[in-house]
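# A structural walkthrough
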Amino acid sequence: MARAASLRNASLGRFWPGDSVVHTLDPRVKLCSLGLWTVAIVLASRWWVTAALFLLIAAAYRAARLPRGAAGAVLRPVLPVLAVLAVSQLLFGYQDPAMPGADIGVLEVGAADVSLGRVIGAAIAIVRLLSLVMLVGLLTATTSASALASGMERLLLPLNRIGLPGHELALTGAIALRFLPILGEELEAVQRAQLARDITGGPERPWQLARNARRTAALVVPLFADALQRVDEISTALLARCYQGGRGRTYMRELRLNAKDLISLAISVGLLVIVVVL
Amino acid sequence: MPDGAPRVLRGALFFGGGGMDAFISVRDLHYRYGNAGESIEALRGVSLNIVRGEYLAIVGRNGSGKSTLAKCLSGLLSPSSGDVRVNGASTRDAAALVGIRATVGMVLQNPDNQFVTSSVEDEVAFGPENLGVPPAEIRGRVASAIERVGMCGQEFRDPHLLSSGEKARLAVAAMLAMEPQCLVLDEATATLDPRSRGSLLALLTQLYSAGMTIITVTHHMTEVTRAKRVVVMERGQIALTGAPAEVFARDDALKGYGLALPPAAAVERGLARRGLELGRDVVTAEELVRRVVALWEGEG
Amino acid sequence: MSAPIVQLSHLSYTYLAGTELAATALVDASLSVSEGEIVALVGPSGAGKSTLVSFVNGLLRPEEGGRAVILGLDTHDPAADLSALRSQVGLVMQHPHQQLFERYVGDDIAYGPRQMGLSGESLRGRVRWAMEAVGLDFETFVDRRTFALSGGEMRRAALAGVLAMQPRILVLDEATAGLDQVGRSQVHEVLHRLQSEQGLTIVLVTNEMDEVVDMADSVSVLVKGHTVASGAVREVLGDASLMERCGLTVPEATELAQDLREHGIPIGQSLLSDGEVEEALWHVLHR
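Residues numbered from 1 in each chain as written. Chains lettered and ligands numbered in written order. Predicted model: local features only at pLDDT ≥ 70, side-chain atom pairs only at ≥ 80, totals over all residues.

### Points about the overall build of chain A
Worth spelling out the cut-off: Elements are defined by DSSP. Helices are runs of H or I of four residues or more, strands are runs of E of two residues or more, and each kind is numbered from the N terminus. Contact criterion: two residues are in contact if their C-beta atoms, reconstructed from the backbone, are within 7 Å.
What chain A contains, in helices and strands, is 11 helices and two strands. Shown N-terminal to C-terminal, the secondary structure of chain A runs as helices and strands in the order α-α-α-α-α-α-β-β-α-α-α-α-α. Contacts in chain A between residues at least 24 apart in sequence constitute 79% of all its contacts with a sequence separation of at least 6.

What follows is the structure, encoded as structure tokens:
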């Protein structure tokens, strides 16, 4: 049941409406910035650069004037992953010999020697992951699904001009996202139906591989059949609404770049350049 | 509605209306599903003329071909053989299909599988955007379509979170924004609760009074009584056609086609069998009440 | 009527309780079903009907203050064997494709009884019995692929799969929604036969008032998680003001009778079907 419920409420994160600087930026600029900042975070090689980027993102949260729980809501689902990352970094992480403290032992876990260097390395990895998650969270918190879809469509539109299915891709992505909750409901219904006939009872034991595999397969088949059926109906609906791909398509909502947008974009590009240089 | 000179949007030609010539004409339509080895003939020679401003109901048991016919009328399916023409343009002409689909808008049965955006207004705008309508005009069309279906104030709601009645109305609005001359509804009321069904039917009646041609595929008999003409499908062919009163008068035949009578007609038929004649043409509750009252007051 | 074999009282339920997405489905709901009875559960969409019937087959357990006793089993008791309950209470849902998952019809129908320990000849016999009960010819359908069936055949196969477990109680959750008259009366025919021949107890969740009139002995009305009325079909459905308050419509025949009454024709209050209206009119007009 819990599995279905989480799928049912799946989205990239909650949208908090507002009118801050971050909210009102053109979605295309926000999407591009997301890409640029992500590359910056990944490429940052100095620990203080990583830390600075994280602080910048935190500052952006402030600028977006989001309610208090917003950041927490973004981070909560990722905590288990963070924990796993931390542990694996501590035990098996890359040891930068140039890092201060590389030779100072802190812990001994079996055959592994955990040095201070490793601890710092683990901390940096965590901050990096946090930055990425917070960045995506910031985007979805300040941009409505409609705006995101518009932004994606418009960004991919040039592809249509060279004969590639740009708009089609954006639309496919948007539809897939829209249908996650519906598939979640479907999954829940299928679970109910199957549970009603499953009388072998007993709690789920993770080591009963064959049985669990069978159960999962039994869930997947009807779900797949349902998804295929929906695909058929959706494509008929698109035909009925005269969808002809991206070329020549107009848009009700006109996106226009203003000074603020261009400045933000410039900042993001500048940031990436600085990070690469450093 | 476009009238007079043809209007070109994204290469689709919209022919104006006017004249009493058939709006949609169907000639010996055959439609086959599947391929050569194992195919099912869903439509086996259907011929029909639909006049502008009609309210037509298509009924029949499951598998009789009614949904397939509806899809052929709106250009979503092209005939295997035979001809379907909308304002003179054939549905076998690939270039004319977009125009036909915008002229004859089809609302499918399951609204959930029709919505592709995250807000009501985006959804209604989707159709005109596809047709290349200029942005300022789209805004006007969206506002007017939302108003016509009575969903003002709901522009920013997520389509998937609407109630089933609201979803049905949104699906209609999404079609209205493309300014069709005809609406085809495929069992749009099948999954609605009685209240929502009533309000959707009221909406259709309103649109019909304003000049829209309405074609509904349904198996709800009371709904059928609102139509001006009924077509009964059986095994891919038209078995019976005529005004509701004529069709429901043939209750012996209807049973064979898997159809029941609306309550008023069933009551009238039952009384007639007992020797009390109120008139075979009674199909609606209003008419039954009128005849009963006349008889009652006559006796009194 | 015999003692209730399903007794649900004061049930409340909230999905995802404690999170920000919590949704209360039931506040104070009850349901009581006697053996061999057909009970209809009606209410506007979103009232919580599916949630309520999930207590009947033990899928959900009652929280504090609620009670759910089915076939003598108190599901609140942590030691209760809910899996045994599931073989006694069959659930048929609205969309048959959600239930069928085996490749072949015969295999899918055999799934339940096989779990109950049947095999070989007795298993085959049980599958044959279940298929015949729903009108699916054994020889023709047993080796058909489930996804090659038509909608109506799938529905029958899903019902057979549940019947094959020979439950004492059958719950149908809007299982006839969207069916045409013919399809619906076929299902009703099967259910009536099972009730009279095998004493099957049936809980019918539905939105169609005509179906309630055709099938049910008693009806329970659920509105926004509260059980607001329950009793004999005639009392509840015939009460126009109650139906109005609950956001439900009366059967079309009842509305017709109401129309006639408003125009001065002295016919009775709670007429539920075309036949009853006809009978009443006959007596009034034939003097």
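### Points about the interface of chain C and chain B
Rule in force here: Asp, Glu, Lys and Arg are counted as charged, while Ala, Val, Leu, Ile, Met, Phe, Trp, Tyr, Cys and Pro are counted as nonpolar; the rest, among them Gly, fall into the polar class.
Taken together, the contact between chain C and chain B spans 28 residues of the former and 28 residues of the latter. Elements supplying a minimum of two residues to the side of chain C that touches chain B: α6 (151–163), α7 (181–198), α11 (252–262) and α12 (274–285) of chain C. With six residues, the top contributor of residues to the side of chain C that touches chain B is α12 of chain C. The residue makeup of the side of chain C that touches chain B, split by class, is 11 nonpolar, 12 polar and five charged.

### Concerning the pairing of strand β8 (residues 104–107) of chain B
Residues and elements named next belong to chain B. To keep things clear, this is the line we draw: Exposure classification rests on a simple neighbour count of other C-beta atoms within 10 Å of a residue's own: a residue reaching 20 or more is buried, one at 12 or fewer is exposed, and one in between is partly exposed. C-beta atoms are placed from the backbone. Pairing between strands is defined by DSSP: at least two bridges between them are needed.
Every second residue of β8 is oriented toward a common face, with V104 and M106 on one face and G105 and V107 on the other, all of them buried. Relative to strand β9 (residues 182–186), β8 runs parallel, the two being bridged by four bridges. By the bridge assignment, G105 is partnered in β9 with L183.

### Things to note about the interface of chain B and chain A
Opposite the 34 residues of chain B that make contact, chain A presents 26 residues. If you tally residues by element for the side of chain B that touches chain A, the top one is helix α3 (residues 120–130) of chain B, at six residues. Classifying every residue of the side of chain B that touches chain A gives 16 nonpolar, 12 polar and six charged.

### Let's talk about the sheet that holds strand β7 (residues 89–90) of chain B
Residues and elements named next belong to chain B. Spatial ordering of the open sheet is given by β4-β3-β6-β7, a layout of four strands whose pairing is antiparallel. Of all the strands in the sheet, the pair left with one neighbour each is β4 (40–50) and β7. Of the strand pairs in this sheet, strand β3 (residues 24–33) and β4 are connected by eight bridges, and their pairing is antiparallel. Looking at the pairing, S25 lines up with N49 of β4.

### Side note on the sheet that holds strand β12 (residues 237–242) of chain B
Residue and element names in this part refer to chain B. Applied cut-off: Fitted lines through C-alpha atoms give the axes, limited to the stretch in contact for helices. The angle between two N-to-C directions lies from 0 to 180 degrees.
If you walk across this open sheet you meet the six strands as β8-β9-β10-β5-β11-β12, and the pairing is mixed. A single partner strand is all that each edge strand has here, and the edge strands are β8 and β12. On average, each strand axis in the sheet is inclined to that of its neighbour by 20 degrees, with strand direction left out of account. Direction of pairing for strand β5 (residues 55–59) relative to strand β11 (residues 229–234): parallel, over a ladder of four bridges. When the bridges of β11 are listed, A57 appears paired with V230.

### With respect to unusual backbone geometry
Among all residues except glycine, the phi angle is most often negative; among peptide bonds, the trans geometry is most common. Of note in the backbone geometry, E179 of chain B takes a positive phi value of approximately 50 degrees without being a glycine. With respect to the element layout, E179 of chain B can be found in the loop between α5 (164–176) and β9. We classify E179 of chain B as buried; it has 20 C-beta atoms within 10 Å. You will see that L71 of chain C, though not glycine, has its phi angle at about 50 degrees, which is positive. Tracing the sequence through the fold places L71 of chain C in the loop between β4 (67–70) and β5 (73–74). By the C-beta count within 10 Å, which is 16 here, L71 of chain C ends up partly exposed.

### Brief notes about the pairing of strand β7 (residues 169–173) of chain C
All names here are of chain C. Our working definition: Whether a crossover is right-handed comes down to one check: with the strands pointing away from the viewer, does the path from the first strand over the helix to the second run clockwise; if it does, it is right-handed.
For β7, the buried fraction is high: five of the five residues fall into the buried class. Burial along β7 is two-sided: I169, V171 and D173 facing one way and L170 and L172 facing the other are all buried. Bridge analysis of β7 against strand β8 (residues 201–205) gives five bridges, and the strand direction is parallel. What sits directly across from L172, in β8, is L204. With α7 bridging β7 and the parallel β8, this β-α-β connection has right-handed handedness.

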